[in-house]
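Chain and residue survey
So the chains spell out like this:
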Amino acid sequence: MQNSLDTLSQKDITIQPIKGSDTIPVRHAVLRQGKPIEACYILQDDLSNTYHFGLFYKNQLAGVCTFVADQSPLFKDSNQYRLRAMGVLEEFQGLQFGKLLLTHGVNFLKSKNINKLWFNARIVALNFYKKNGFETIGTQFNIPEVGPHYTMHKSLK
Ligand SMILES: CC(C)(COP(=O)(O)OP(=O)(O)OC[C@H]1O[C@@H](n2cnc3c(N)ncnc32)[C@H](O)[C@@H]1OP(=O)(O)O)[C@@H](O)C(=O)NCCC(=O)NCCS
């Protein structure tokens with residue numbers, strides 16, 4: 001039988017703050033396949049106001065996401081954060097792990113009085129983010145070597 005969140009034991013799933021360096025294997029596997037490991041780092045990874053979260057299934061890191069302070073000129077809000085490098089290992093995709101991670105991050109940012117969360121989403125992930133309450137703004141654009149994207153956002157107020 002295929003796994004679903006219902007058939008996985010909830011006590012085996014934990015979400016914890018992690019270090020930027022901890023995210024690298026998952027980023028490499030799902031977001032930068034075939035690229036050098038250096039391509040997996042984000043400039044703001046080690047800043048004190050950057051937050052990384054990991055979802056662990058039975059103590060194995062299965063998914064990661066990173067939130068960095070970043071003001072987009074597209075929005076008037078103060079205290080904006082940007083989601084970076086959200087990824088769930090292929091064998092764990094479709095189990096609601098992405099949704100759990102993103103919800104955890106959003107709730108954390110709300111507790112820090114962040115007003116807006118935005119990011120550039122790959123086309124393949126658009127519906128995932130729409131299902132999590134985010135909407136697109138503007139037109140599609142291309143990120144070299146990664147592909148077509150839309151900017152997406154949600155108010156956290
Ligand atoms: C996109 C990603 C983070 C989603 O995580 P996930 O754990 O697989 O997604 P979930 O199981 O939490 O899905 C939540 C909902 O979104 C839907 N969904 C997930 N991925 C989707 C996709 N690629 N396209 C359409 N819908 C998707 C699910 O069907 C589910 O809907 P439901 O609640 O109605 O059942 C993950 O699939 C991934 O890492 N993909 C490769 C890397 C990537 O593209 N990252 C995003 C960069 S912007």
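Residues numbered from 1 in each chain as written. Predicted model: local features only at pLDDT ≥ 70, side-chain atom pairs only at ≥ 80, totals over all residues. Heavy atoms only, no water.

1. Some remarks on the UniProt feature "domain: N-acetyltransferase" (unreviewed entry) in the protein
Our working definition: UniProt positions are given in the numbering used here, feature names are shortened, and annotations may be inferred rather than shown by experiment. By the criteria applied, helices consist of DSSP H or I runs no shorter than four residues and strands consist of E runs no shorter than two, each listed in order from the N terminus.
Taking the UniProt record as the reference, the feature "domain: N-acetyltransferase" (unreviewed entry) is found at residues 13-157. Between the first and last C-alpha atoms of residues 13-157 the distance is 28 Å; the span itself is 22% helix and 39% strand.

2. Considering the nonpolar core
Going by this rule: The definition of a nonpolar core used throughout is a set of buried Ala, Val, Leu, Ile, Met, Phe, Trp, Tyr and Cys residues joined through side-chain atoms within 4.5 Å. Each residue gets one of three labels from its accessible area relative to the maximum for its type: buried under 20%, exposed over 50%, partly exposed in between, using a 1.4 Å probe on protein chains only. Pairs of residues are marked as contacts when any of their non-hydrogen atoms sit within 4.5 Å.
By size, the foremost hydrophobic cluster in this structure holds 40 residues, and its most contacted members are Leu83, Phe97, Leu117 and Tyr129. Listing elements by their share of this core, those giving two or more residues are strand E1 (13-18), helix H1 (20-30), strand E2 (51-57), strand E3 (60-69), strand E4 (80-88), helix H2 (97-111), strand E5 (116-122) and helix H3 (126-131). Discounting residues that sit within four places of it in the chain, Leu83 has contacts with Cys65, Thr66, Phe67, Leu102, Leu117, Trp118, Phe119 and Tyr129.

3. A few points about the packing of aromatic side chains
Selection rule: Planes of paired rings set the category: under 30 degrees apart is stacked, over 60 is edge-to-face and the rest tilted, where pairs are Phe, Tyr or Trp rings (Trp by its six-membered ring) whose centres lie within 6.5 Å. A ring is scored as having a charge over it whenever the NZ atom of a lysine or the CZ atom of an arginine sits within 6 Å of its centre and within 35 degrees of its normal.
On inspection of all chains with the given rule, the structure shows eleven aromatic pairs. Seen from their ring centres, Tyr129 and Phe134 are 6.3 Å apart, and the 85 degrees between their planes marks the pair as edge-to-face. The same class applies to Tyr129 as to Phe134, namely buried. An aromatic cluster is built from Tyr51, Phe53, Phe67, Tyr81 and Phe108, whose rings are joined through pairwise contacts. Taking the ring centre of Phe134 as reference, the NZ or CZ of Lys154 above it sits at 4.8 Å.

4. A look at the sheet that holds strand E7 (residues 147-155)
Two pairing modes exist for strands in a sheet, parallel and antiparallel, and in both the strands are linked by backbone hydrogen bonds. Threshold: Strands are treated as partners if at least two bridges between them are detected by DSSP. Lines fitted to C-alpha atoms define the axes here, with helix axes fitted over just the stretch in contact, and angles between the N-to-C directions of these axes take values from 0 to 180 degrees.
Strand order in this open sheet of seven strands is E1-E2-E3-E4-E5-E7-E6, and the pairing throughout is mixed. Edge positions in the sheet fall to E1 and strand E6 (135-143), since each of these pairs with one other strand and no more. Each strand of the sheet is rotated relative to its neighbour by a mean of 25 degrees, with strand direction disregarded. Pairing analysis gives seven bridges linking E5 to E7, with the strands arranged antiparallel. The residue bridging Ala121 from the neighbouring strand is Tyr150, located in E7. Here H2 sits on the sheet and contacts E1, E2, E3, E4 and E5; the angle it forms with E2, its principal contact strand, is near 145 degrees.

5. Observations regarding the layout of surface pockets
Where empty space is left can be seen by rolling a probe of water-molecule size over the atoms. Here is the rule: Two kinds of site are reported from a 1 Å grid over the protein atoms alone, namely cavities, where a 1.4 Å probe fits but cannot get out, and pockets, open sets with protein on both sides within 12 Å along at least five of seven lines, and residues are called lining when an atom falls within 4 Å of a point. Grid points are joined across faces, edges and corners, and a volume is the space filled by probe spheres set on the points. Asp, Glu, Lys and Arg are counted as charged, while Ala, Val, Leu, Ile, Met, Phe, Trp, Tyr, Cys and Pro are counted as nonpolar; the rest, among them Gly, fall into the polar class.
Considering only enclosed or pocket space, the largest pocket measures out at about 940 Å³ in volume. Surrounding the largest pocket, 35 residues form its lining, Leu31, Met86, Gly87, Ala125 and Tyr129 being those nearest its centre. It is E4 that provides the largest number of residues to the lining of the largest pocket, a total of seven residues. Here the lining of the largest pocket is built from residues that sort into 20 nonpolar, eight polar and seven charged.

6. Topic: the site of the ligand
Stated precisely, the cut-off is as follows: Here a residue counts as near a molecule or strand whenever at least one of its heavy atoms sits within 4 Å of it. Polar contacts, as used here, are pairs of N or O atoms within 3.5 Å; protein pairs need one atom able to donate a hydrogen and one able to accept it. Residues neighboring in sequence count only if both atoms are side-chain atoms. Cavities and pockets are treated as containing a molecule whenever more than half of the molecule's atoms lie within 2 Å of their grid points.
Around the ligand, the surrounding shell holds 20 residues, and the nearest of these are Val88, Gln96, Gly98, Lys99 and Val124. Val88 places a polar main-chain atom, nitrogen or oxygen, 2.8 Å from an oxygen atom of the ligand. At 3.0 Å, a side-chain N or O of Lys131 approaches an oxygen atom of the ligand. In this structure the site holding the ligand corresponds to the largest pocket. Counting residues per element, the shell around the ligand draws most heavily on H3, which supplies four residues. For the shell around the ligand, the residue count by class is eleven nonpolar, six polar and three charged.

7. So, the environment of Leu109
Position of Leu109 among the secondary structure elements: in helix H2. Residues Leu109 and Ala85, 24 residues apart in the sequence, show an inter-C-alpha distance of 16 Å. Those residues in contact with Leu109 that lie beyond four places of it in its chain are Tyr51, Phe67, Tyr81, Ile114, Leu117 and Leu156.

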